[in-house]
Amino acid sequence: AWANMHELAATHDDLAAILRRTNAVLNDSRTDKFVTLFFLRLNPVRRTFTYAAAGHRAYLLRSDGTREILDCTGPPLGVMDNSDIQNSGEYSLASGDALFIPTDGIEETHQNKTEMFGKERMLKEATARAQDSAESMIHAVFNAAREFAAGTPQQDDMTAVAVRVR
């Protein structure tokens, strides 16, 4: 499925159609597994992007301190045979903006199995570092989540991608 997706991404512009085809391949394989995916096409010359998101959200952190949720445009891949995955509209980027694409393992980090790190703590850390490098933004979020966990074993992966516009 992933090789097929990679090949389609090199030759097709319609992100949602690529995800729908990948979903069909996953469902045909009958693995009983699913995957969330945030699929972004960035145009660095025009400073724009579009995306299709199968059960996975991301965040656009604007240089003025505001943030936008880049919500799911369809369900996770591998869940339903005919998923209605759509493309987002086109977003413009300005100098100082940042994209932050985390897995849910960050916000679901637990402290003594009672309280979660949560979306707001995660975004507070990311926003505070949005004007720094993408690397320092990710490190700040991971460090804050680990500190919050206070030694509680990690239950899920903590993965993130950050893109900073200069």
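Provided above is the structure to which this section pertains.
Residues numbered from 1 in each chain as written. Predicted model: local features only at pLDDT ≥ 70, side-chain atom pairs only at ≥ 80, totals over all residues. Heavy atoms only, no water.

A.B. asks: Let's hear about the overall build of the protein chain: which residues, and what values?
C.D. replies: Within the protein chain, the secondary structure is distributed over five helices and nine strands. Taken over the C-alpha trace, the protein chain has a radius of gyration of 17 Å; the compact-globule value for 166 residues is 15 Å, and the two agree within 12%. Projected onto its principal axes, the C-alpha positions of the protein chain cover 45 × 40 × 20 Å. For the protein chain, the proportion of its 166 residues judged to be buried stands at 41%. Long-range pairs, those at least 24 residues apart, make up 62% of the contacts in the protein chain between residues at least 6 apart in sequence. When the accessible surface of the protein chain is split by element, carbon and sulfur atoms take 49% of a total near 9200 Å². In the protein chain, 18 side chains carry a positive charge and 23 a negative one; their mean positions are 3 Å apart. (Helix = DSSP H or I, 4+ residues; strand = E, 2+ residues; numbered from the N terminus. Rg over C-alpha atoms; globule rule 2.2 N^0.38 Å. Buried < 20%, exposed > 50% of the residue type's maximum accessible area, 1.4 Å probe, protein only. Contact = heavy atoms within 4.5 Å. Areas by Shrake-Rupley, 256 points an atom, 1.4 Å probe, with all protein chains shown as cover. Lys, Arg positive; Asp, Glu negative; His and termini not counted. Charge placed at Lys NZ, Arg CZ, Asp CG, Glu CD.)

A.B. asks: How would you sum up the packing of helix α1 (residues 2-11) against helix α2 (residues 15-29)? Please name residues and give values.
C.D. replies: Close contact between α1 and α2 brings their axes to 9 Å; oriented N to C, the two are set at 160°. Looking at the two axes, α1 sits roughly antiparallel to α2. α2 is crossed by α1, and the crossing has right-handed handedness. On α2, the residues that touch W2, N4, M5, L8 and A9 of α1 are I18, L19, R21, T22, V25 and L26. (Axes fitted to C-alpha atoms, helices over the stretch in contact; angles between N-to-C directions. Parallel < 35°, antiparallel > 145°, perpendicular 65-115°, else oblique. Left-handed = near helix turned anticlockwise from the far one by under 90°.)

A.B. asks: Outline the packing of aromatic side chains, listing residues and values.
C.D. replies: With the rule as written, the count across this model stands at four aromatic pairs. By the ring-pair criterion, three or more aromatic residues cluster together here, those being F38, F49, Y51 and Y91. (Phe/Tyr/Trp six-rings, centres within 6.5 Å; stacked < 30°, edge-to-face > 60°.)

A.B. asks: Can you lay out the nonpolar core for me, pointing to particular residues and giving the numbers?
C.D. replies: Counting residues in each nonpolar core, the largest one holds 21 residues, and the members touching the most others are L61, F100, I106, F117, M122 and M137. Where this core is concerned, the elements lending two or more residues are β3 (58-61), β6 (98-102), α4 (118-128), α5 (134-149) and β9 (160-164). In terms of residue count, α5 provides more of this core than any other element does, eight residues in total. The residues contacting F100, other than those within four sequence positions of it, are A58, Y59, L61, M122, L123, A126, M137, V141, A160, V161 and A162. If you look at the next biggest cluster of nonpolar residues, it comprises 13 residues, including M5, L8, A16 and L19. (Core = buried A, V, L, I, M, F, W, Y, C linked by side-chain atoms within 4.5 Å.)

A.B. asks: I'd like a description of the environment of N87, backed by residues and values.
C.D. replies: Note that N87 resides in the loop between β4 (67-70) and β5 (91-92). Every residue in contact with N87, bar those within four places of it in the chain, is listed here: D14, L15, A16, Y51 and A52. In this structure the side chain of N87 is engaged in a polar contact, spanning 2.8 Å, whose partner is the side chain of D14. Side-chain polar atoms of N87 contact the backbone nitrogen of L15, separated by 3.5 Å. (Polar contact = N/O pair within 3.5 Å; in protein donor to acceptor, adjacent residues only side chain to side chain.)

A.B. asks: Describe the environment of D32, naming the residues involved and giving the relevant values.
C.D. replies: Relative to the elements of secondary structure, D32 occurs in the loop between α2 and β1 (37-43). D32 sits in the exposed class, given a relative accessible area of 79%.

A.B. asks: I'd like to hear about the sheet that holds β6, residue by residue, with values.
C.D. replies: Sheet architecture is open: four strands sit in the order β4-β3-β6-β9, paired in antiparallel fashion. The open sheet is flanked by β4 and β9, the only strands paired with a single partner. Averaged over all neighbouring strand pairs, the angle between strand axes comes to 15°, with direction disregarded. With five bridges connecting them, β6 and β9 associate as antiparallel partners. Residue pairing for β9: A98 is matched across the bridge by R164. (Pairing = 2+ DSSP bridges.)

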